[in-house]
Amino acid sequence: MARWKKRTHGCGELRKEHVGRDVTLNGWVHRIRDHGDLVFINLRDRTGITQIVVRADDVERLGLRDVKSEYVLSVTGPVHLRQPGAENPAMPTGDIELEAREIEVLNTCKVLPFPVSDERQMQSVNEELRIKHRYIDLRRPSMYERLEVRHKVVKLIRDFLHERGFLEVETPIMTKATPEGARDYVVPYRLAPGKFYALPQSPQQYKQLLMVGGVERYFQIARCFRDEAQRADRQPEFTQLDLEMSFVEQEDILSLTEELTSSVVRQLSNKEMLSPWPRLTYDEAMERFGTDKPDLRFGLELKTLNDLVADSEFAVFRSVLDSGGVVRAVRYPGGASLSRREIEELVEFAKSFGAKGMAYLALTDEGAKGAAAKHLSEERIAEIARRCEAENGDLVCIVADAKAVADEALARLRVEIGSRCDLRDPSKLYFCFITDFPLVLWNEEEQRWDSSHHPFTMPHEEDLPLFDSDPGRIRAQCYDVVCNGVEWASGSIRIHRRDIQAKVFDLLGIDAHTQVDRFGHMLEAFEYGAPPHGGIAPGIDRLVMFLMGDENIREVIAFPKIAAGYDPLMDSPAPIQDEQWEELGLALRETAPKDDGGQKD
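Residues numbered from 1 in each chain as written. Predicted model: local features only at pLDDT ≥ 70, side-chain atom pairs only at ≥ 80, totals over all residues. Heavy atoms only, no water.

A. Molecular detail of the overall build of the protein. Helix and strand counts for the protein stand at 16 helices and 23 strands. Considered along the principal axes of its C-alpha atoms, the protein spans approximately 90 × 75 × 50 Å. When contacts within the protein are restricted to residue pairs at least 6 apart in sequence, long-range pairs at least 24 apart make up 68% of them. When the accessible surface of the protein is split by element, carbon and sulfur atoms take 49% of a total near 29900 Å². Of the side-chain charges in the protein, 79 are positive and 103 negative, and the distance between the mean point of each set is 4 Å. (Helix = DSSP H or I, 4+ residues; strand = E, 2+ residues; numbered from the N terminus. Contact = heavy atoms within 4.5 Å. Areas by Shrake-Rupley, 256 points an atom, 1.4 Å probe, with all protein chains shown as cover. Lys, Arg positive; Asp, Glu negative; His and termini not counted. Charge placed at Lys NZ, Arg CZ, Asp CG, Glu CD.)

B. Region of interest: helix 11 (residues 378–387). Among all positions in helix 11, only Arg380, Ile381, Ile384 and Ala385 are buried. In a view along the axis of helix 11, the buried residues occupy a sector of 140°, so they form one face of it. Across from the buried face of helix 11, at angles greater than 90 degrees, the exposed residues are Glu378, Glu379 and Arg386. On the buried face of helix 11, the contacting elements are helix 8 (306–309), strand 15 (359–364), strand 16 (367–369) and strand 17 (395–401). Looking one or two places after helix 11, you find Glu389, whose phi comes out positive at around 55°. (Buried < 20%, exposed > 50% of the residue type's maximum accessible area, 1.4 Å probe, protein only. Arc of directions from axis to C-beta.)

C. Molecular detail of the sheet that holds strand 16. Strand order in the open sheet formed by five strands is 13-14-17-15-16, and the pairing between neighbours is antiparallel. The two strands at the open ends of the sheet, each matched to only one other strand, are strand 13 (303–304) and strand 16. Across seven bridges, strand 14 (residues 326–332) lies against strand 17 in antiparallel orientation. Note on strand 17: the bridge partner recorded for Val330 is Cys397. Packing of helix 9 (residues 315–322) onto the sheet brings it into contact with strand 14, strand 15 and strand 17, and relative to strand 17 it is tilted by some 45°. (Pairing = 2+ DSSP bridges. Axes fitted to C-alpha atoms, helices over the stretch in contact; angles between N-to-C directions.)

D. Representation of empty space enclosed by the protein within the structure. On inspection of all chains with the given rule, the structure shows one cavity of 30 Å³ or more. Of the pockets and cavities examined, the largest cavity occupies roughly 40 Å³. What lines the largest cavity is Ile157, Leu241, Leu260, Thr261, Val264, Trp488, Pro538, Ile540 and Leu543. Of all the elements, helix 6 (residues 250–268) adds the most residues to the lining of the largest cavity, at three residues. Its residues placed into classes, the lining of the largest cavity shows eight nonpolar, one polar and no charged. (1 Å grid on protein atoms, 1.4 Å probe; cavity = no way out; pocket = protein on both sides within 12 Å on 5 of 7 lines; lining within 4 Å. Points joined across faces, edges and corners; volume = space filled by probe spheres on them. Nonpolar A, V, L, I, M, F, W, Y, C, P; charged D, E, K, R; others polar.)

E. Molecular detail of the pairing of strand 4 (residues 72–81). Burial within strand 4 is extensive, with seven of its ten residues counted as buried. Where strand 1 (residues 22–34) and strand 4 come together, seven bridges link them in antiparallel fashion. What sits directly across from Trp28, in strand 4, is Val72. Sheet topology note: the strand 4/strand 6 (residues 102–107) ladder contains five bridges and is antiparallel. Across the sheet, the residue bridging to Val75 is Ile103, located in strand 6. Two elements, strand 4 and strand 5 (residues 96–99), share three bridges in a ladder whose sense is antiparallel. Counterpart to Leu81 in the pairing with strand 5 is Ile96.

F. Fine view of the environment of Gly299. By secondary structure assignment, the location of Gly299 is in the loop between helix 7 (282–289) and strand 13. Using a relative accessible area of 37% as the deciding quantity, one classes Gly299 as partly exposed. C-alpha separation for the pair Gly299 and Leu199, spaced 100 residues apart in sequence, amounts to 41 Å.

G. Region of interest: the packing of helix 13 (residues 498–507) against helix 14 (residues 512–525). Where helix 13 contacts helix 14, the axes come no closer than 10 Å and their chain directions differ by 155°. One way to sum up the angle between helix 13 and helix 14 is to call them roughly antiparallel. As for how helix 13 packs across helix 14, the hand of that crossing is right-handed. Together, Arg498, Gln501, Ala502, Phe505 and Asp506 of helix 13 and Gln515, Phe519, Leu523 and Glu524 of helix 14 make up the contact between the two elements. Classifying every residue of the contact of helix 13 with helix 14 gives four nonpolar, two polar and three charged. (Parallel < 35°, antiparallel > 145°, perpendicular 65-115°, else oblique. Left-handed = near helix turned anticlockwise from the far one by under 90°.)

H. A look at the nonpolar core. Counting residues in each nonpolar core, the largest one holds 73 residues, and the members touching the most others are Ile157, Leu161, Leu241 and Phe431. Of all the elements, helix 4 (residues 141–163) adds the most residues to this core, at seven residues. Here Ile157 is in contact with Ile221, Leu241, Leu260, Val264 and Ile540, once residues within four sequence places are set aside. Membership of the second largest hydrophobic core comes to 24 residues, among which are Phe298, Val326, Ile343 and Val399. (Core = buried A, V, L, I, M, F, W, Y, C linked by side-chain atoms within 4.5 Å.)

I. Geometry of the pairing of strand 21 (residues 478–483). With six of six residues buried, strand 21 lies mostly within the body of the structure. With six bridges joining them, strand 21 and strand 22 (residues 486–493) adopt antiparallel strand pairing. Note on strand 22: the bridge partner recorded for Val481 is Ala489. Hairpin connection between strand 21 and strand 22: a loop of two residues separates the two successive antiparallel strands, and Asn484 in this loop has a positive phi of roughly 55°.

Remember, this is a structural readout, not a statement about activity or role.
Below is the structure:
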């Protein structure tokens, strides 16, 4: 039995209706202020903060002389109204205060590595230091709010899917290594040295086998593992909603995804959404935005100028067009007023994403300026301006290069312009679907076809004849959900026939022996009455990022990793003992790490 007094209320629960009551609060000292005749303590727990008042002559009696920030206290006393004018409307408990009659120090606290009570100062604290002491960092109300929102997101998802007949099923964490795009994390099998489990990059194969097993409507809040390059929106282990349905077409999955997401966002946020969500084919997205992850919160669409500059005397344009490249442009509103140095920064920005350079037209009342303007007639410049929807005062940024390079550079430049012009409104969550991706993409370096999403994606039936004649034109029945320029979910209608699955494996250069060795269980299952099925996998971490307005995924994960997958809290990964090497039948050989790209569900 505890010898200290247990709380009667949470620190954030007290209101005017509690005035006159004796209550007990347990929590941490958020701030302490000595005003001479009175000492004020802000006591904090997960529910909020209450102001504790201690009279000067009670400080010694209550043992508060040495109390500091983050000491753990139990405080008992009556609730009073604050003095008129002393109310704090910024606090839910701002109308009341607790007069301390009894205080017990439940634990002390060393000097903190960072000031958890000051959010402004916390913005400049080194992230690795915060994660090393994450148990302190999580005490901040802003961090607790993120965990609470994450909890609510998962609960709302579970409730929504339960009401629609979905069954939550857990799939194995230790499975077989079947490369899906990124590198696997592997686990040595002690009983047979040389054999390994792999941690799942996604439950892709298991959820398809659940469909073969007649589950029909499955979901899982799934932990996934990918040994890939770390970025602000990636972690080596992450959480996704994994969802699969039988006897459905693409429209069924898209409609369910939009309804589910819109329901969650509206219940947890007042951010603006488009309704219905726009749908763009992959080709349309690439043509309009240069990327399959467009930010639709603003326009500034890319425009192709080939026909308008084909007869130009500008050598750069002519040589690119003669070699099969493109001349593409994007508008910079008000950009004509940029200095030469600022425009050169844009040129270097474009170069950093592969472009050989960037031409421009600065549209002014005195006419167009820029190197390209010298080689174009006034009429042609006016046509370019009309196509780019540009006006006097705008800058038309032009990249002439191979299409993939021009698209990448201008897509990045468009986002940069959107940020500089404050067009990326954080109060908006503009979701959209991207559909009809190519089934395969040509890997020039390896001289082979790679899956655009993954090898279990069903081609459009009318494109099946193209396997033997023009594989690059095969459209996949796959789709992404993009929000504010970030890929959030990916899915597809799956292959459910062995003959089609084998044909895709053949196209990817996976020989018959390897097909059976790696995927024999899938191929065999498809011969036992596999139903048509499909699914999608939205990221839980990223959805919480969107709701909280964060740009770093580590902010919404309780215990994240930092660069290279390192955990400074546990100091892991770490060496294992010599005996473990022997048990596992392993020996260490130093190798240089290589980077991998990611994959899609």
